[in-house]
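# Overview (structure and organization)
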Amino acid sequence: MAILLVAAFGIYNILNMTISQKLDDIAILKATGFAGRDIIRIFVLEALIMGIIGTALGLILGAICIQILSGVYVGGPADYFPIYFDPSVFITSTVFGLLITIGAGYLPARRAARVDPVAIFRK
């Protein structure tokens, strides 16, 4: 959970900086007729893409680590390192990862949806 929380802050920071740098573009979109929900959809989709890629890489890396560690001989009564592949952990991690990603993407997207194009163009 701690790693997921750190990843959520990372996604939040990336999107927050992206929105700060793209205020002019967001204002143009809003001035041409995009609604606030459309802006939210764009940035939540961007966060979701980052989350899917990160989750997929994390699952692959986790499976590889489990495979490697399960073959490490430690001796004694355990023989090999006591680790095994549990699909429920992978499924739970995927669901939590994607939910946290959507939440971390929604907060800055909501701020972007509130941009007033007139105020941006006056600057």
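Residues numbered from 1 in each chain as written. Predicted model: local features only at pLDDT ≥ 70, side-chain atom pairs only at ≥ 80, totals over all residues. Heavy atoms only, no water.

Let us look at the overall build of the protein. On a plain count of helices and strands, the protein comes out with five helices and two strands. Listed N to C, the secondary structure of the protein is α-α-α-β-β-α-α in terms of helices and strands. For 123 residues, the compact-globule estimate of 2.2 N^0.38 gives 14 Å, and the protein exceeds it by more than 25% at 21 Å. Summarising its shape, the C-alpha atoms of the protein cover approximately 75 × 20 × 15 Å along the three principal directions. In the protein, which comprises 123 residues, the share counted as buried stands at 24%. Residue pairs at least 24 apart in sequence account for 77% of intrachain contacts in the protein once pairs closer than 6 positions are excluded. Of the accessible surface of the protein, which amounts to about 8,200 Å², a share of 71% is contributed by carbon and sulfur atoms. (Helix = DSSP H or I, 4+ residues; strand = E, 2+ residues; numbered from the N terminus. Rg over C-alpha atoms; globule rule 2.2 N^0.38 Å. Buried < 20%, exposed > 50% of the residue type's maximum accessible area, 1.4 Å probe, protein only. Contact = heavy atoms within 4.5 Å. Areas by Shrake-Rupley, 256 points an atom, 1.4 Å probe, with all protein chains shown as cover.)

Right, let's get into helix H3 (residues 36-69). Side chains three or four residues apart in an α-helix point the same way, a direct result of the helix having 3.6 residues per turn. The end-to-end C-alpha distance of H3 is 48 Å, a good match for the 50 Å that 34 residues give at a rise of 1.5 Å each. Looking at the packing, one finds that the buried side of H3 touches helix H1 (2-21), helix H2 (23-31) and helix H4 (87-113). (Expected span 1.5 Å × (residues − 1).)

So, on to the nonpolar core. Ranked by size, the top nonpolar core spans 17 residues in total, and within it Ile 26, Ile 39, Phe 43 and Ala 112 carry the most contacts. When residues of this core are traced back to their parent elements, those giving at least two are H1, H2, H3 and H4. Per-element tally for this core: the top contributor is H3, with five residues. With residues near it in sequence (within four places) discarded, Ala 112 still touches Ile 19, Ile 26, Lys 30, Ile 39 and Phe 43. (Core = buried A, V, L, I, M, F, W, Y, C linked by side-chain atoms within 4.5 Å.)

The subject of this paragraph is a nonpolar patch on the surface. On the surface, a cluster of nonpolar side chains totalling about 580 Å² of accessible area is made up of Ile 60, Ile 64, Ile 68, Leu 69, Val 72, Val 74 and Phe 81. With four residues, H3 is the single largest residue contributor to the nonpolar patch. Tracing the sequence through the fold places Ile 60 in helix H3. (Patch = residues over 30% accessible without salt bridge, like charges linked within 9 Å, V, L, I, M, F, W, Y side chains within 5 Å. Salt bridge = Lys/Arg side-chain N within 4 Å of Asp/Glu carboxyl O.)

Along the chain, the position of Asp 38 falls in helix H3. The class of Asp 38 is buried, set by a relative accessible area of 19%. A distance of 3.3 Å separates polar atoms of two side chains, one belonging to Asp 38 and the other to Arg 41. (Polar contact = N/O pair within 3.5 Å; in protein donor to acceptor, adjacent residues only side chain to side chain.)

This next bit is on the packing of H2 against H3. The angle between the axes and the distance between the axes are what describe a pair of packed helices. Packing of H2 against H3 brings their axes to within 10 Å, and their N-to-C directions diverge by 140 degrees. For the element pair H2 / H3, the angle class is oblique. For the pair H2 and H3, contact is made by Ile 26, Leu 29 and Lys 30 and by Ile 39, Ile 42 and Phe 43, respectively. In terms of residue class, the contact of H2 with H3 is built from five nonpolar, no polar and one charged. (Axes fitted to C-alpha atoms, helices over the stretch in contact; angles between N-to-C directions. Parallel < 35°, antiparallel > 145°, perpendicular 65-115°, else oblique. Nonpolar A, V, L, I, M, F, W, Y, C, P; charged D, E, K, R; others polar.)

Looking at the element boundaries, Thr 18 is found in helix H1. Looking at Thr 18, the relative accessible area reads 16%, which means it is buried. There is a polar contact of 2.8 Å between the side chain of Thr 18 and the backbone oxygen of Ile 14. When sequence neighbours within four positions are dropped, the list of residues in contact with Thr 18 reads Phe 43 and Glu 46.

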